[in-house]
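Okay, here's what each chain looks like letter by letter:
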Amino acid sequence: QARQRFDAGAKFYNLREYDRSLAEFKEAYLLSGEPELLFNLGQCERQLGRIVDARKSFLAFLREGRPN
């Protein structure tokens, strides 16, 4: 199900429907916990002008996305 949410998010992003893309990427992240999705969240938030939220998502990606 996470993969389906990711695929939908990517399609909405390509259509520049960033609100819908953001919602799909959030669901994919909640289902999978894959840190790479935090980057996608940041990109959507940046496109929506939510710079503070985008920064938080990018920082979370850097924090969570590093291998142990």
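Residues numbered from 1 in each chain as written. Predicted model: local features only at pLDDT ≥ 70, side-chain atom pairs only at ≥ 80, totals over all residues. Heavy atoms only, no water.

Peer 1: Give a detailed account of the overall build of the protein chain, specifying residues and quantitative values.
Peer 2: Within the protein chain, the regular secondary structure consists of four helices and zero strands. The order of α-helices and β-strands along the protein chain, N terminus first, is α-α-α-α. When its C-alpha atoms are laid out on the principal axes, the protein chain stretches across 35 × 30 × 15 Å. Counting all 68 residues of the protein chain, 29% fall into the buried class. Residue pairs in contact within the protein chain that sit at least 24 positions apart in sequence constitute 36% of those at least 6 positions apart. (Helix = DSSP H or I, 4+ residues; strand = E, 2+ residues; numbered from the N terminus. Buried < 20%, exposed > 50% of the residue type's maximum accessible area, 1.4 Å probe, protein only. Contact = heavy atoms within 4.5 Å.)

Peer 1: Give a detailed account of helix α4 (residues 51–64), specifying residues and quantitative values.
Peer 2: Side chains that are three or four residues apart share a direction in an α-helix, a result of its 3.6 residues per turn. With 14 residues, α4 extends 20 Å between its outermost C-alpha atoms, agreeing within 8% with the 20 Å of an ideal straight helix rising 1.5 Å per residue. Turning to α4, its buried residues are Ala54, Ser57 and Ala60. Buried residues along α4 cover an arc of 125° about the axis, so they all sit on one side. Facing away from the buried side of α4 by over 90 degrees, the exposed positions are Ile51, Val52, Arg55, Lys56 and Arg63. Tucked into the core, α4 has its buried residues touching α3 (36–47). (Expected span 1.5 Å × (residues − 1). Arc of directions from axis to C-beta.)

Peer 1: Which residues make up the packing of aromatic side chains, and what values do they have?
Peer 2: In the structure shown here, the tally under the stated rule is four aromatic pairs. Geometrically, the ring pair formed by Tyr13 and Tyr18 is edge-to-face, given 5.1 Å between the ring centres and 70° between the ring planes. Take Tyr13: its relative accessible area is 22%, and that puts it in the partly exposed class. An aromatic cluster of three or more residues is present, and its members are Phe39, Phe58 and Phe61. (Phe/Tyr/Trp six-rings, centres within 6.5 Å; stacked < 30°, edge-to-face > 60°.)

Peer 1: An account of the side chain of Gln43 is requested, with residue identities and associated values reported.
Peer 2: Tracing the backbone through its elements, the reader meets Gln43 in helix α3. On the basis of relative accessible area, Gln43 is assigned to the buried category, the value being 19%.

Peer 1: Give me the confidence of the model for the protein chain: which residues, what numbers.
Peer 2: Reading predicted coordinates in detail is not appropriate for stretches of low pLDDT. Averaged over every residue, the pLDDT of the protein chain is 95; the share at 70 or more is 96%. Mean pLDDT across the elements of the protein chain bottoms out in α4 (96) and peaks in helix α2 (residues 18–32) (98). (pLDDT = per-residue confidence, 0-100.)

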